[in-house]
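Letter by letter, the chains look like this.
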Amino acid sequence: MLYEERGTIAVLTLNRPEVHHALNREILLELREALNRLERKGSIRAVVITGSGSDSFSAGADLKERAAMTEEEVARFIPFIRDTFTLIERLPQPVIAAINGRALGGGMELALACDVRILSERAVMGLKETTLGIIPGAGGTQRLPRLIGIPKAKELILTGRTITASEALAIGLVNQVVPPEEVLSTALKWAEEISANGPIAVKQAKWAINHGMKTDLDTGLELETSAYRLLIPTNDRREGLHAFREKRKPNFTGE
C-alpha cells in the first residue's frame, strides 16, 4: 500500500495490480498501520482511498491466500478484516473511496466503510460471496442495507450479482459517477472542499451521524447536542462567526 500526503489530505493507494489489489494479510496490516497513524494526526483533515491503475479498486479477498488457511485461521482472519474496515468507519477524518475500477466482495465492503464513494463510470460493484458458498464477512450484510435499504441489499447479496456504475448511483450506493480519468481528481476535490471547513466541526458531524444512526431519534438528537457542545469553546467557532461578520473566508486551525 502506498501512502502520500497532499497538504491536509492523505491518499492511501492499494498497490497489488497483478492480483487486482486483492486484500491479503500484508496489505491489511499496512492499511491498519496507516489508519492508526492518521487517527492521531491532526494536520490531516480528509483521507482518500483508491487503487493504482484504472482496472480495479479491489477484487476482494486474496482467495489464494485464503485457500491455504486452515478453518481455524479463516475463523480468526474474518474478524481481522472486519475490524480493519471498522477502523476506516471510525476514523475521525472523513474518508473518500475513489473507486477507479471493479470493487467486488471485500473491495466493495472496504468502499462501504468509507463516508463518500466516487465511482468510475466503467466500474462494476458487487458482493459475490454467496456465489462462492460464503457470505460477506467484513461488514457487507450490515452496512449495505443501512445505506441502500433492506430489500435492495438482500437482492444484491442473495443473488451475488454485480451492478454497473449507473445502477450504483441510482440506488444511492455511490455519491458520484465520473469518467475513469477523473476519479482521483474528483475525490481530491471533495477532500479539499471538506478540508476547507472547520476540522473539529467535520469530525463531530461525522461522529454524530455515525452514532446517531445506531439509535432512536431522541437519543440521536441528544448525541447531536453533545457534539455541538464540544464546539462552543473552540477558536474555530469564534473564527467562523468573525469571518461571517467580516464577509471573508474563515481560517480554521482545528483549535
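Parameters and conventions
Residues numbered from 1 in each chain as written. Predicted model: local features only at pLDDT ≥ 70, side-chain atom pairs only at ≥ 80, totals over all residues. Heavy atoms only, no water. 1 Å grid on protein atoms, 1.4 Å probe; cavity = no way out; pocket = protein on both sides within 12 Å on 5 of 7 lines; lining within 4 Å. Points joined across faces, edges and corners; volume = space filled by probe spheres on them. Nonpolar A, V, L, I, M, F, W, Y, C, P; charged D, E, K, R; others polar. Helix = DSSP H or I, 4+ residues; strand = E, 2+ residues; numbered from the N terminus. Contact = heavy atoms within 4.5 Å. Pairing = 2+ DSSP bridges. Buried < 20%, exposed > 50% of the residue type's maximum accessible area, 1.4 Å probe, protein only. Salt bridge = Lys/Arg side-chain N within 4 Å of Asp/Glu carboxyl O. Axes fitted to C-alpha atoms, helices over the stretch in contact; angles between N-to-C directions.

Asker: Can you help me understand empty space enclosed by the protein in this one?
Answerer: Where empty space is left in the structure can be found by rolling a water-sized probe over the atoms. In total, this model carries one cavity of 30 Å³ or more according to the counting rule given. Estimates place the volume of the largest cavity at around 30 Å³. For the largest cavity, the full set of lining residues is R45, Q93, P94, I194, N197, P199, V202 and K203. Among the residues making up the lining of the largest cavity, the classes are represented as four nonpolar, two polar and two charged.

Asker: Is there a simple way to think about the side chain of T13 in this case?
Answerer: Among the structural elements, T13 can be located in strand β2 (residues 9–14). With residues near it in sequence (within four places) discarded, T13 still touches M1, L2, T50, G51 and S52.

Asker: Sorry if this is basic, but what is going on with the sheet that holds strand β4 (residues 56–58) here?
Answerer: Strand pairing in a sheet is mediated by backbone hydrogen bonds. Such pairs are either parallel or antiparallel. Taken in spatial order, the four strands of this open sheet run β4-β6-β8-β9, and their pairing is mixed. If you trace the sheet from one side to the other, it starts and ends with β4 and β9 (163–164), each paired once. As paired strands, β4 and strand β6 (residues 102–104) are joined by two bridges and run parallel to one another. Residue pairing in the sheet places S56 in a bridge with R102 of β6.

Asker: Looking at this structure, I do not really get the pairing of strand β7 (residues 116–120). What am I missing?
Answerer: Taken residue by residue, a regular strand's side chains alternate between the two faces of the sheet. The buried fraction of β7 amounts to five of the five residues, a majority that puts the element mostly inside the structure. In β7, alternate side chains face the same way, and those of V116, I118 and S120 on one face and R117 and L119 on the other are all buried. The sheet contact formed by strand β5 (residues 95–99) and β7 spans four bridges and is parallel. Counterpart to I99 in the pairing with β7 is L119. The pairing of β7 with strand β10 (residues 176–178) spans three bridges and is classified as parallel. The residue of β10 that forms the bridge with I118 is Q176.

Asker: Please clarify how the layout of surface pockets should be interpreted in this entry.
Answerer: Volume-wise, the largest pocket comes out at about 910 Å³. Together, 29 residues line the largest pocket, and E89, D115, R143, N210 and K214 are the ones closest to its centre. Contributions of two or more residues to the lining of the largest pocket are made by α3 (71–90), α5 (140–148) and α9 (199–212). Each residue belonging to the lining of the largest pocket can be placed in one class, and the counts come to 13 nonpolar, six polar and ten charged. Approximately 620 Å³ is the volume found for the second largest pocket. Lining the second largest pocket we find 26 residues, and of these G60, A61, L63, L132 and I134 sit closest to its centre. The set of elements that each furnish at least two residues to the lining of the second largest pocket consists of α2 (63–67), α3 and α4 (106–112). Across the lining of the second largest pocket, the residue classes break down as 15 nonpolar, five polar and six charged.

Asker: Would you mind going over the pattern of salt bridges with me for this structure?
Answerer: Any two side chains of opposite charge can pair, given that their charged atoms come close. Tallied over the entire structure, the rule returns 13 salt bridges. Note that D83 and R82 form a salt bridge whose closest N and O atoms lie 2.9 Å from each other. Given a relative accessible area of 33%, D83 falls into the partly exposed group. In this structure, R143 and E89 form a salt bridge, with 3.0 Å as the shortest nitrogen-oxygen distance. Highlighted residues: R143 in helix α5 and E89 in helix α3, separated in sequence by 54 residues. Among the charged side chains, a salt-bridge network with shared partners connects K152, E155, R161 and E167.

Asker: Even after reading the chapter, I still don't get the sheet that holds β2, so can you show me in this structure?
Answerer: One open sheet holds the six strands; their spatial order is β1-β2-β3-β5-β7-β10, and the pairing between them is mixed. Of all the strands in the sheet, the pair left with one neighbour each is β1 (2–6) and β10. Adjacent strand axes in the sheet meet at a mean angle of 20° when their direction is disregarded. For β2 and strand β3 (residues 46–51), the ladder comprises six bridges, and the chain directions are parallel. Note that in β3 the partner of I9 across the bridge is A46. Sheet strands in contact with helix α8 (residues 183–195) are β1, β2, β3, β5, β7 and β10, and its direction is about 165° off that of β5.

Note that all results are geometric; they support no functional claim without further evidence.
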